[in-house]
Amino acid sequence: MSEWTTLRCAKCGSGDIWLMCKGDATITGILKCGSPKCKNEHPFTMVNNILHEFLPNLPVEESQKLNSTIPVDIIEDIKEAERSEYLKCHKAAATMCRRAIQIGLIDKGIPDKPLSNMIEDAKDKGLLNDKTYILAKSIKGFGDIGAHRKEELERGDIQILIHLSVKMLNELAEYPTRSTN
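This structure is a prediction, so every number in the text was calculated from the model and none was measured.

**Student:** Would you mind showing me how to read the overall build of the protein here?
**Tutor:** Within the protein, the secondary structure is distributed over five helices and five strands. Mapped in sequence order, the helices and strands of the protein form the string β-β-β-β-β-α-α-α-α-α. Each principal axis of the C-alpha distribution contributes one length, and for the protein these read about 65 × 40 × 20 Å. Buried positions account for 43% of the 181 residues belonging to the protein. Intrachain contacts of the protein at a sequence separation of at least 6 include 51% that bridge at least 24 residues. Both charge centroids of the protein, one from 25 positive and one from 26 negative side chains, sit 3 Å from each other.

If you want it as structure tokens, here you go:
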């Protein structure tokens, strides 16, 4: 007979979460604490009704290093990249990093068009220095692989990509928002 596994939030200790995995099955997922004040995310893996992994946080938590002035929608894109990385959806993670950079440029007044053109415009307007320009082109390249190509991306690639995306977004946050005129 199968038994239920009971879990509690590792951050705030609230809420009982009940899990059961019947038969020969593996479940990998992310549980979100139900407490409105917490909402911590717990990655887990359960195999044949045995809990193999229950982490207190996502392994990659670069999103916590984002500048507080960065808009919530961009932060959510980086968090989605982190969740995708944990779930081994590497192409999705790369695409979310690319999206976060594009939205970051739009937020700084760069008109929405193909990302390569946006990056060039941002450099021309002094929004990107030489190092950040190269970083933006690299993030775009990985994002293009995620969105358009058949090549595979590895976990290490994505962890670095998320880190570099956070670094670029933080550098971009240091510049004041500009109008599109």
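Moving on, there is more to tell.
**Student:** Help me understand helix H5 (residues 155–173), please; the structure alone is not making it clear to me.
**Tutor:** Helical geometry note: an α-helix holds 3.6 residues per turn, so side chains three or four residues apart project in the same direction. With 19 residues, H5 ought to run about 27 Å at 1.5 Å a step, and its terminal C-alpha atoms sit 27 Å apart, in line with that. Along H5, the residues classified as buried are Ile158, Leu161, Ile162, Ser165, Val166, Met168, Leu169, Asn170, Leu172 and Ala173. On its buried face, H5 is in contact with helix H1 (72–86), helix H2 (90–107) and helix H4 (130–148).

**Student:** I keep staring at unusual backbone geometry and nothing clicks. Help me out?
**Tutor:** Phi is mostly negative for residues that are not glycine, and the peptide bonds are mostly trans. With phi around 55°, Lys39 is a residue other than glycine that occupies positive phi space. Secondary-structure assignment places Lys39 in the loop between strand E3 (26–32) and strand E4 (41–47). One non-glycine residue with positive phi stands out, namely Asn48, at about 50°. With respect to the element layout, Asn48 can be found in the loop between E4 and strand E5 (50–54).

**Student:** Is there a simple way to explain the packing of aromatic side chains in this structure?
**Tutor:** According to the stated counting rule, one finds zero aromatic pairs in the structure shown. Here the guanidinium or amino end of Lys123 rests over the ring plane of Tyr133, the centre of that ring lying 5.4 Å away.

**Student:** Explain the sheet that holds E5 to me, please; I cannot follow it from the model alone.
**Tutor:** Strand pairing in a sheet is mediated by backbone hydrogen bonds. Such pairs are either parallel or antiparallel. An order of E3-E4-E5 is seen for the three strands of this open sheet, with the pairing classed as antiparallel. Only two strands of the sheet have a single neighbouring strand rather than two, namely E3 and E5. Strand-to-strand twist of the sheet, defined as the mean angle between neighbouring strand axes without regard to direction, takes the value 25°. Across seven bridges, E3 lies against E4 in antiparallel orientation. Counterpart to Thr26 in the pairing with E4 is Val47.

**Student:** Where do I start with the pattern of salt bridges in this structure?
**Tutor:** Side-chain pairs of opposite charge can arise where the charged atoms are in close proximity. Considering all chains together, one arrives at 12 salt bridges under this definition. Note that Lys167 and Glu171 form a salt bridge whose closest N and O atoms lie 3.3 Å from each other. Of this pair, Lys167 and Glu171 both sit in helix H5, four residues apart, roughly one helical turn. Salt bridges sharing common partners tie together Arg98, Lys140 and Asp144.

Conventions used here
- Residues numbered from 1 in each chain as written.
- Predicted model: local features only at pLDDT ≥ 70, side-chain atom pairs only at ≥ 80, totals over all residues.
- Heavy atoms only, no water.
- Helix = DSSP H or I, 4+ residues; strand = E, 2+ residues; numbered from the N terminus.
- Buried < 20%, exposed > 50% of the residue type's maximum accessible area, 1.4 Å probe, protein only.
- Contact = heavy atoms within 4.5 Å.
- Lys, Arg positive; Asp, Glu negative; His and termini not counted.
- Charge placed at Lys NZ, Arg CZ, Asp CG, Glu CD.
- Expected span 1.5 Å × (residues − 1).
- Phe/Tyr/Trp six-rings, centres within 6.5 Å; stacked < 30°, edge-to-face > 60°.
- Lys NZ or Arg CZ within 6 Å of the ring centre and 35° of its normal.
- Pairing = 2+ DSSP bridges.
- Axes fitted to C-alpha atoms, helices over the stretch in contact; angles between N-to-C directions.
- Salt bridge = Lys/Arg side-chain N within 4 Å of Asp/Glu carboxyl O.

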